[in-house]
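# Fold and geometry: a report
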Amino acid sequence: MNTHLVRLLAATALTCALVSTGNAQATPPNQAPQNVVLVADTVEISPTGVLTARGNVEALNGGTRLQATEVIYDNQTGKITLKGPIRITEGDSVSIVASAAELDADLRNGLIHSARVVLSDQVQMAANQMKRVDGRYNVLNKTTVSSCRVCETGEPPLWQIRAKRVVHDEEERQIYFDHASFMIRDVPVFYFPHLRMPDPTLDRARGFLIPTFSRTSLLSSGIKVPYFIPFGDTRDLTLTPYLSSETRTLEFRYRQAFKNGGIEINGAVSDDTIRPDLTRGYLFATGLFELERDYKLTFDLKAVSDDSYLTDYDYADLDRLNSDITISRASRTENTRFALHHYQSLRDGEDNDTLPTLVIEAETERRYFPTSIGGELRTRVEAHGHQRRSTSDGDDGRDVGRANASVQWLRSWTLGSGLRAGVNGALAFDAYRTWNDSSVSSFDTALTPTLAAYVRYPMAKRGADGATYLLEPVAQIGWTGGSDLDVANDESTRVEFDEGNLLALSRFPSYERRERGLATAIGLNWSRITSDGWESHLTLGQVFRSETQDDFTQTSGLSGKTSDFLIAGQFNNQNGLVLTGRSLLNPSGSLDKATARLGWSNDNIWLDASYIWLNQDLEEDRPTEISEWALDSRYRLARHWTGLVDWRFDAVSGETSEAGLGFEYRNECVRVELSLSRRFSTSSTVQSSTSVGLNVALLGFSVNSNDKSYDRKCG
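All of the points below concern the structure found in this document. (Residues numbered from 1 in each chain as written. Predicted model: local features only at pLDDT ≥ 70, side-chain atom pairs only at ≥ 80, totals over all residues. Heavy atoms only, no water.)

## Examining the state of the cysteines
Considering all chains together, one arrives at two disulfides under this definition. Paired by a disulfide, C148 and C669 hold their sulfur atoms 2.0 Å apart. Residues C148 and C669 share a disulfide whose torsion about the S-S bond is about 85 degrees; that sign makes it right-handed. You can see C148 sitting in the loop between strand 10 (137–146) and strand 11 (159–169) and its partner C669 sitting in the loop between strand 40 (655–666) and strand 41 (670–679), a full 521 residues away along the chain. The two residues C148 and C669 agree in class, both being buried. A disulfide bridge connects C151 with C714, and the sulfur atoms are separated by 2.0 Å. Here C151 and C714 share a disulfide; its torsion about the S-S bond, -85 degrees, makes the bridge left-handed. (Disulfide = S-S within 2.5 Å. Helix = DSSP H or I, 4+ residues; strand = E, 2+ residues; numbered from the N terminus. Buried < 20%, exposed > 50% of the residue type's maximum accessible area, 1.4 Å probe, protein only.)

The structure is reproduced here in structure tokens:
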């Protein structure tokens, strides 16, 4: 029973008099309390004013539906009697099944016999009788509560709560238990004199959340018990004490929603035996706000007490912390951004005093479409500065400020044969100011003109197999004038050559270095697309230059006058399988870089596997080659069982760096997760550790269980 049902019955009593005998259907007049439709096989009115509706009685009122065998309304006493089986449903949130019910004259109090209440199709409460009190409370005596499926076999549910009395407060959406016993099968496990739990329709309720048990080689056995505290509809705080013999930790999460955005703050404070001389902790804060004139303010702030804290407690797998505050606006014709960054390295061998830890950026790019000359005109203005804490002369203390501006014109044509042709002209201005580095000029400027022309010839045909084939050769010739600035290479030390920048005129990430002279790029794109969702794509490409670019490293694929041969491909199908790969084959026939990634996602499997190989390159601070496999996967072994695996393997050393294995059992009322992981470390600040975790969640109350694919079936 609920408030909507009470109103429904009142309206039913008023409309029954309007229902004709026989197979009757009627809609009450406008003066009725509710717009109720009543359907019944027969309706009778006795001389004493007793109205009786019999046979497949059904009343509809908005989202509420009442079904009963017989409804009797005594006009003199105001008593309403329902004979069952009775079923009352309200949307997807409340369903009541009973054998009979009586309500008094004011319809706010009543008694329901053999009642079973189902909330959100998840939690069911069963009792011999249920009282309706003051139109708000449902009071059930000698009650069994569970979210487990109960079959007609006589077996008890997997878990249940038996209570002397249960009170369901519909207004507050809370369930109160008196003298409650938590039972697994029929075995009592815990006893609670008083217990309160939110009903499944409530998203946010003050109280304890599901505890987590874990054991690690660093922190021993421990337990986390979260406590959730809402502050109105827009704020909440979660406090999670983490207790073990090796640590006393308090984790916290604060969230707040505003009219134009929101923030979230996560953190922890620890007193442990790993660093007994230090109060350890971390703080991560994120936020997003909509500003006037379509601007957005975002921030992502990170701070930690020491280099190993995040990995010791498994809070994050980060070896560098990037904090930023950004104001931006983006549209079809504009991209504007103002940003402040702060970097903190947690890596061995990196000194934050000699790294550019503070970075300031401001940039705007705009597009115009002038009708007088045709094509597209782009303008870009950027200011940038980065600072090191050290004041030493040279690389360790160098600070840089720069300003860059450019104007670019692009125009393309499609000829009658289908040939696509285009031209590109640009003029760029760069100005650099350098402090604390006597090996370069303190101030230098340069103008860089650029001209380029390209052709593309896309061809398509339908194959005998019904697939569509696309073949597109591309070629570009470009020239970049000017000369290099007398500045240090701070921002362009790592360069990637891929299918995305095959036709770029400069592949350096920033402006202190630009590709100069005459260059030609050629490539070939091939695709195969079928009607049932299979797609294959392949890109081949190479770059030829009139002069070498000294700042390209050997493994960038761009050193020398002839670049490496680029091979990149992708395959995907309608079954959720995605395979991508890319490699750089140098002129001598050996690989400089290679990477591959396999993704597979469907109802049974989620898989992410990758491989990366990088040749040794001292200019990129890589004295030995890198060869690494990584795997992260979930596989549904059966209806209720899921296996979890993650693994990282260093093929050069032949050693595993990370490994994890887990199993999850889940049905409609419980989820149990057991995990075992091991992290191997050669760092002096991060120790190797082994972790064992156990998490048990009772589904239906604080954890949603709407995925019916896990439900057990009755035989």
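## Regarding the pattern of salt bridges
A full pass over the atoms with the stated rule returns 52 salt bridges. Where R275 meets D277, a salt bridge forms, and the shortest distance between an N and an O atom there is 3.8 Å. A salt bridge links R456 to E472; the nearest nitrogen and oxygen atoms lie 3.1 Å apart. Of the two residues, R456 sits in strand 29 (residues 443–456) while E472 sits in strand 31 (residues 468–480), which places them 16 residues apart along the sequence. (Salt bridge = Lys/Arg side-chain N within 4 Å of Asp/Glu carboxyl O.)

## Points about the pairing of strand 26 (residues 376–388)
Here strand 25 (residues 356–368) runs beside strand 26; their pairing, made up of 12 bridges, is antiparallel. When the bridges of strand 26 are listed, R366 appears paired with T379. Across 11 bridges, the pairing between strand 26 and strand 27 (residues 399–414) is antiparallel. The residue of strand 27 that forms the bridge with R378 is Q408. (Pairing = 2+ DSSP bridges.)

## Section: the environment of D632
Locating D632 in the fold gives a position in strand 38 (residues 626–636). Sequence separation between D632 and D271 is 361 residues; the distance between their C-alpha atoms is 32 Å. With residues up to four places along the chain from it excluded, the contact list for D632 reads W606, L607, D608, V645 and D646. (Contact = heavy atoms within 4.5 Å.)

## Section: the side chain of S689
Within the secondary structure layout, S689 lies in strand 42 (residues 689–698). Ignoring any residue separated from it by four or fewer positions in sequence, one finds S689 in contact with S217, L218, S677, R678 and R679.

## Some words on a nonpolar patch on the surface
Taken together, the side chains of W629, Y635, L637, W641, V645, W647, L661 and F663 make up a nonpolar region of the molecular surface, amounting to roughly 790 Å² of accessible area. Mapped onto the nonpolar patch, the elements with two or more residues apiece are strand 38, strand 39 (641–650) and strand 40. Here the nonpolar patch takes three residues from strand 39, the largest share from any one element. (Patch = residues over 30% accessible without salt bridge, like charges linked within 9 Å, V, L, I, M, F, W, Y side chains within 5 Å. Areas by Shrake-Rupley, 256 points an atom, 1.4 Å probe, with all protein chains shown as cover.)

## Structural notes on the packing of aromatic side chains
Any two aromatic rings considered together are summarised by their centre-to-centre distance and by the angle between their planes. Using the criterion set out here, one finds 18 aromatic pairs in the structure. Where F208 meets Y227, the ring centres are 4.8 Å apart and the plane angle is 70 degrees; that geometry is what we call edge-to-face. In this pair, F208 is assigned in strand 14 (residues 207–208) and Y227 in strand 17 (residues 227–231), connecting sequence segments 19 residues apart. Overall, the relative accessible area of 61% leaves F208 in the exposed class. (Phe/Tyr/Trp six-rings, centres within 6.5 Å; stacked < 30°, edge-to-face > 60°.)

## Structural notes on the environment of E499
Inspection of the secondary structure assignment puts E499 in the loop between strand 31 and strand 32 (517–529). With a relative accessible area of 36%, E499 lands in the partly exposed category. The sequence separation of E499 and T539 amounts to 40 residues, and the corresponding C-alpha distance is 6.8 Å. Those residues in contact with E499, other than ones at most four positions away along the chain, are T539, L566, A568 and R582. Within the structure, the side chain of E499 is placed 2.9 Å from the side chain of R582, a separation counted as a polar contact. (Polar contact = N/O pair within 3.5 Å; in protein donor to acceptor, adjacent residues only side chain to side chain.)

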